[in-house]
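Tertiary structure, described
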Amino acid sequence: MRRILLSTVKILISVALLYFSLRKINLYDLASRIQLESLGWIALAIAISFLQIFVGVLRWREISAECGAPLEPRQAMRFNVIGTFFNQTLPSSIGGDAVRLWLVARAGAGWRAATYSIFVDRAIGLIALAIIIVASLPWSYSLISDPHGRSALLLVDFTALAAGVGFLILGVLPWPWLKRWWATHHIRACAEIANRVIFSWDRGPKIAALSLLVHVLTVVIAWCVVQSIAAPVVFGQVFQLIPPVMLITMLPISIAGWGVREATMGLAFGYAGLMTNEGVNVSLLFGAVSFIVGAVGGLVWIFSAEKAAQGAVAIEVPK
């Protein structure tokens, strides 16, 4: 009952935010702006989305190996593509993480190693996104003239950055009770793994480069969407606006980020002195690209060996 209620609330949030966002745009006008060359830009955005997934795979494999859950490149790519499908269908923007966890556990790693690999991967991605936003603050702060927009940008970014830094600090604190309590024990273990990965001379630079590239590719995908409808937005503006929007969209309060992304993108464009309706247009097409990629992930899932053997094999937990 609790899960049903939570899912219902998320659906209502998505519907309400989409309703208020779509009131600001003309869908017929948006459709009329999609020409033959627009499809080329959308196709490029889809191709870059798969490249982004592969870059994420490279980072995840490094982290998973440190967690005791080594993955083959093809296997990890398949799991990530399947995850994009469940990101679109489960009542959360991170629903695919739960499915990836299940797939890794079934592959023989066990629940603990699988959970650690997903949690650390997500945490490092969040830290990298916060760093990108902080690095671009001198430009985004001047772009956003509205004081409320500036305050929201600073609050969201520094909250995420503080959470990320606090997580890493947790991994080096010497307090014994952190290892005794069940919840803090596992969070600390994940923090220790994150510290080893990030500050390793061998893996650290690679993880940092891959993490930053994942988020840069998100901006490039959004830029392709902008080009597809010839929206009056330059690349620098997209680079400054998209990362904060993606950070807010990660909040698990809607279905696949729908509604939250559109409302936030519209607000961000408005705060930057751009047309609010263009922000919603870009967000809708960005969501459409994600939906298409997720549909491909759905096909991969339908024909996967894991789907065929669902529930047939027990998941062992290593000692």
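Use the structure listed above.
The paragraphs below set out a description of the structure included in this document. (Residues numbered from 1 in each chain as written. Predicted model: local features only at pLDDT ≥ 70, side-chain atom pairs only at ≥ 80, totals over all residues. Heavy atoms only, no water.)

1. Some words on the overall build of the chain
Selection criterion: Labels follow the DSSP assignment, with helices taken as runs of H or I lasting at least four residues and strands as runs of E lasting at least two, numbered in each case from the N terminus. The globule rule is 2.2 Å times the number of residues to the power 0.38, and the radius of gyration it is compared with is taken over C-alpha atoms. Burial classification: accessible surface area is computed with a 1.4 Å probe over protein chains only, and a residue below 20% of its type maximum counts as buried, one above 50% as exposed, and the rest as partly exposed. When checking whether two residues touch, look at their non-hydrogen atoms; a contact exists if any pair is within 4.5 Å. Per-residue and other accessible areas were derived by the Shrake-Rupley procedure at a 1.4 Å probe size, with only the shown protein chains allowed to occlude residues.
Each helix and strand in the chain was counted, giving 15 helices and zero strands. Computed over the C-alpha atoms, the radius of gyration of the chain is 20 Å, within 12% of the 20 Å expected from 2.2 N^0.38 for a compact globule of 319 residues. By principal-axis analysis of the C-alpha atoms, the chain measures approximately 60 × 45 × 40 Å. Counting every position in the chain, which comprises 319 residues, the buried fraction comes to 48%. Of all intrachain contacts in the chain linking residues separated by at least 6 positions in sequence, the fraction that spans at least 24 positions is 71%. Accessible area of the chain: about 15800 Å², with a carbon and sulfur share of 71%.

2. Re helix α4 (residues 73-89)
What counts, and what does not: In this analysis, the expected span of each helix is defined as 1.5 Å times one less than the number of residues it contains.
Taking 1.5 Å of rise per residue, the 17 residues of α4 would be expected to cover 24 Å, and the 25 Å separating its terminal C-alpha atoms lies within 8% of that figure. Looking at the buried positions of α4, the neighbouring elements they touch are α3 (36-66), α5 (95-109), α14 (276-302) and α15 (305-308).

3. Considerations on the pattern of salt bridges
Rules: Definition used for salt bridges: Asp or Glu carboxyl oxygen within 4 Å of a side-chain nitrogen of Lys or Arg.
Going through the model one piece at a time under the given rule, you end up with 12 salt bridges. One salt bridge in this structure joins Glu278 and Arg33, with 2.9 Å as the shortest N-O distance. Residue Glu278 is located in helix α14, and its partner Arg33 is located in the loop between α2 (27-32) and α3; the two are separated by 245 residues in the primary sequence. By relative accessible area, which is 4% here, Glu278 ends up buried. A salt bridge links Arg203 to Glu62; its shortest N-O distance comes to 3.0 Å. Taken together, the residues span a long stretch of sequence, with Arg203 in the loop between α10 (182-198) and α11 (204-228) and Glu62 in helix α3 at a distance of 141 residues. Judged by its relative accessible area of 17%, Glu62 is buried. A single salt-bridge network, built from bridges that share partners, covers Arg59, Asp97, Arg100, Asp121 and Arg122.

4. Digging into the packing of α4 against α5
For clarity, the cut-off: For helices, the fitted axis covers only the stretch in contact; all axes are lines through C-alpha atoms, and the angles between them, taken along N-to-C directions, range from 0 to 180 degrees. In a left-handed crossing the near helix is turned counterclockwise from the far helix by less than a right angle, and in a right-handed crossing that turn is clockwise. Three classes are used, and their members are as follows: Ala, Val, Leu, Ile, Met, Phe, Trp, Tyr, Cys and Pro are nonpolar, Asp, Glu, Lys and Arg are charged, and the others, Gly among them, are polar.
For the pair α4 and α5, the least separation of the axes is 7 Å and the interaxial angle reads 145 degrees. Between α4 and α5 the crossing geometry is right-handed. In contact with Gln75, Phe79, Asn80, Ile82, Gly83, Phe86 and Asn87 of α4, α5 contributes Gly95, Gly96, Asp97, Val99, Arg100, Leu103, Val104 and Ala107. Here the contact of α4 with α5 is composed, by residue class, of seven nonpolar, six polar and two charged.

5. Things to note about unusual backbone geometry
Unlike most non-glycine residues, Ala230 shows phi in positive territory, near 50 degrees. Mapped onto the elements, Ala230 comes out in the loop between α11 and α12 (235-249). The exposure class of Ala230 is exposed, given its relative accessible area of 61%.

6. Some points on the packing of aromatic side chains
How two aromatic rings sit relative to each other is set out by the distance from centre to centre and by the angle between their planes. So the rule is basically this: Aromatic pairing here means that ring centres of Phe, Tyr or Trp (its six-membered ring) are within 6.5 Å. Orientation follows from the plane angle: under 30 degrees is stacked, over 60 is edge-to-face, and everything else is tilted.
Under the definition given, this model contains six aromatic pairs. A ring pair is formed by Phe85 and Phe86, whose centres lie 4.9 Å apart and whose planes are at 70 degrees; its orientation type is edge-to-face. On the basis of relative accessibility, which here comes to 23%, the residue Phe85 falls in the partly exposed class. Phe86 sits in the buried class, given a relative accessible area of 13%.

7. Focus on the side chain of Thr249
For the record, the criterion: Counted as a polar contact is a pair of N or O atoms within 3.5 Å, where, for protein atoms, one must be capable of donating a hydrogen and the other of accepting one, and residues adjacent in sequence contribute only when both atoms are in side chains.
By the element assignment, Thr249 lies in helix α12. Engagement of the side chain of Thr249 in a polar contact is seen with the backbone oxygen of Val245, the distance being 2.7 Å.

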